[in-house]
Amino acid sequence: MSTAHFLPTGTVYGTLLNFRAEVEALAPQMSAPPHKAPPKAPVLYVKTANTWSPHGSAIAVPSSVPEVEIGASIGMVIGAEGDIEGFVLMNDLSIPHASFFRPPVKFKCLDGFLAIGPALRDAQDVADPANFRAEVRINGDLKHSIDFSQLVRPARQLLADVGEFMTLAHGDVLMLGCDAGRPLARAGDRIEISATGFETLTHTLVQETAA
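Residues numbered from 1 in each chain as written. Predicted model: local features only at pLDDT ≥ 70, side-chain atom pairs only at ≥ 80, totals over all residues. Heavy atoms only, no water.

Visitor: Got a minute to help me understand the packing of aromatic side chains in this structure?
Guide: Aromatic ring pairs are reported here in terms of the distance separating the ring centres and the angle at which the planes meet. Tallied over the entire structure, the rule returns four aromatic pairs. When the centroid spacing of 5.2 Å and the interplanar angle of 75 degrees are considered together, the rings of Phe87 and Phe132 count as edge-to-face. With Phe87 in strand S7 (residues 84-92) and Phe132 in the loop between strand S9 (121-122) and strand S10 (133-138), this residue pair connects regions lying 45 residues apart in the sequence. (Phe/Tyr/Trp six-rings, centres within 6.5 Å; stacked < 30°, edge-to-face > 60°. Helix = DSSP H or I, 4+ residues; strand = E, 2+ residues; numbered from the N terminus.)

Dropping the structure here:
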């Protein structure tokens, strides 16, 4: 493991529709106008640098937002040769919203809305990312379990498919996705995301103070 409080040096990309349960839940919408068919390529979005919060942070929630969605994920950190250098726990926070096809920046890119695990797990220590299992606890209570064997595109396939239409640079991070059933949390809650082989990602939500 590297030193604590890892932060990316490149761009962070989220991935939509990469868990089977998420695809099944949204299948009727994907077949309706204007889409009319499921997407054939990975659906990506950017978590801008203003969203990044290191392990242990207090993340401010606007007073106009009663609850936020907890998006536990694991990010692939891209190496110098375009390979996977390591993996890191992430919490892709967002304001709950209906559109999963074009996620609005205003819902997903609020200040601090990407909590980043304390340390990078070396890819050489990972036999198969499909074995990853993550758990989300809110105030100590288990609220969500994520099984990464349920990915539509496993880690290396996702990386290869993204590489078909764009180049990922050394230090970029590509999240594997967030499963369906994401729990909700509010200001005052303590969030813990854990997975075997990773240092636990912990942060708290606090009420945003008036400027």
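Still more ground to cover, so stick around.
Visitor: Hey, could you run me through the nonpolar core in this one?
Guide: A general feature of soluble globular proteins is that nonpolar side chains tend to end up buried together. The biggest cluster of nonpolar side chains holds 42 residues, and the ones touching the most others in it are Met76, Phe87 and Phe148. Secondary structure elements with two or more residues in this core: strand S4 (58-61), strand S6 (72-78), S7, S10, helix H3 (155-163), strand S14 (190-195) and strand S15 (201-207). Excluding anything up to four places from it in sequence, Phe148 contacts Phe19, Ser73, Ile74, Pro129, Ala130, Phe132, Arg133, Ala134, Leu176 and Gly177. Within the second largest apolar cluster, 10 residues are counted, among which are Val12, Val77, Val173 and Met175. (Core = buried A, V, L, I, M, F, W, Y, C linked by side-chain atoms within 4.5 Å. Buried < 20%, exposed > 50% of the residue type's maximum accessible area, 1.4 Å probe, protein only. Contact = heavy atoms within 4.5 Å.)

Visitor: What exactly am I supposed to notice about the pattern of salt bridges here?
Guide: Side-chain pairs of opposite charge can arise where the charged atoms are in close proximity. A complete count under the given rule lists eight salt bridges for this structure. One salt bridge in this structure joins Glu67 and Arg186, with 3.0 Å as the shortest N-O distance. With Glu67 in the loop between S4 and strand S5 (68-69) and Arg186 in the loop between strand S13 (184-185) and S14, this residue pair connects regions lying 119 residues apart in the sequence. Classification of Glu67 as partly exposed rests on a relative accessible area of 27%. A salt bridge links Lys108 to Asp92; the shortest N-O distance between them is 4.0 Å. A residue pair is termed long-range when its members are at least 10 positions apart, and Lys108 in helix H2 (residues 105-108) and Asp92 in strand S7 qualify at 16 residues. The exposure class assigned to Asp92 is buried, which follows from its relative accessible area of 2%. Members of the salt-bridge network, linked through shared partners, are Glu22, Glu69 and Arg182. (Salt bridge = Lys/Arg side-chain N within 4 Å of Asp/Glu carboxyl O.)

Visitor: Which parts of the structure should I look at to understand the sheet that holds S14?
Guide: Within a sheet, adjacent strands bond to each other through the backbone by hydrogen bonds, running parallel or antiparallel. If you trace the five strands from one edge of the open sheet to the other, you get S4-S15-S14-S10-S11, paired in mixed fashion. The sheet is open, and its two borders are formed by S4 and strand S11 (141-147), each paired with just one other strand. Geometrically, the sheet is characterised by an average inter-axis angle of 25 degrees between neighbouring strands, direction not taken into account. Sheet analysis places S4 next to S15, joined by four bridges and oriented parallel. (Pairing = 2+ DSSP bridges. Axes fitted to C-alpha atoms, helices over the stretch in contact; angles between N-to-C directions.)

Visitor: Any chance you could explain the side chain of Asp172 here in plain terms?
Guide: In this structure, Asp172 sits in the loop between H3 and strand S12 (173-175). There is no salt bridge for the buried Asp172, and the closest opposite charge comes from Lys47, which lies 16 Å off by N-O distance. For Asp172, the side chain forms a polar contact with the main-chain nitrogen of Thr11, separated by 2.8 Å. Other than its neighbours up to four places away in sequence, Asp172 contacts Gly10, Thr11, Tyr13, Met76, Val77 and Ile78. (Lys, Arg positive; Asp, Glu negative; His and termini not counted. Polar contact = N/O pair within 3.5 Å; in protein donor to acceptor, adjacent residues only side chain to side chain.)

Visitor: Even after reading the chapter, I still don't get a negative patch on the surface, so can you show me in this structure?
Guide: Side chains of Glu81, Asp83, Glu85, Asp122 and Asp125 sit close together on the surface and give a patch of like negative charge. Examined against the element boundaries, Asp122 turns out to sit in strand S9. Assessed through its relative accessible area of 35%, Asp122 is described here as partly exposed. (Patch = residues over 30% accessible without salt bridge, like charges linked within 9 Å, V, L, I, M, F, W, Y side chains within 5 Å. Areas by Shrake-Rupley, 256 points an atom, 1.4 Å probe, with all protein chains shown as cover. Charge placed at Lys NZ, Arg CZ, Asp CG, Glu CD.)

Visitor: Sorry, what's going on with the side chain of Ser73 here?
Guide: Mapping Ser73 onto the fold places it in strand S6. Sequence-distant contacts of Ser73, defined by excluding residues within four places in its chain, comprise Val88, Leu89, Met90, Phe148, Met175, Leu176, Gly177 and Cys178.

Visitor: Got a minute to help me understand the environment of Leu120 in this structure?
Guide: With respect to the helices and strands, Leu120 occurs in the loop between strand S8 (114-116) and S9. The exposure class of Leu120 is buried, given its relative accessible area of 12%.

Visitor: Where do I start with unusual backbone geometry in this structure?
Guide: If a residue is not glycine, its phi is most likely negative; likewise, a peptide bond is most likely trans. A positive phi angle is found at Leu17, which is not glycine, with a value near 55 degrees. Classification of Leu17 by relative accessible area gives buried; the value is 8%. Even without being a glycine, Asn139 presents a positive backbone phi close to 55 degrees. Structurally, Asn139 is set in the loop between S10 and S11.

Nothing here speaks to function; it is all geometry.
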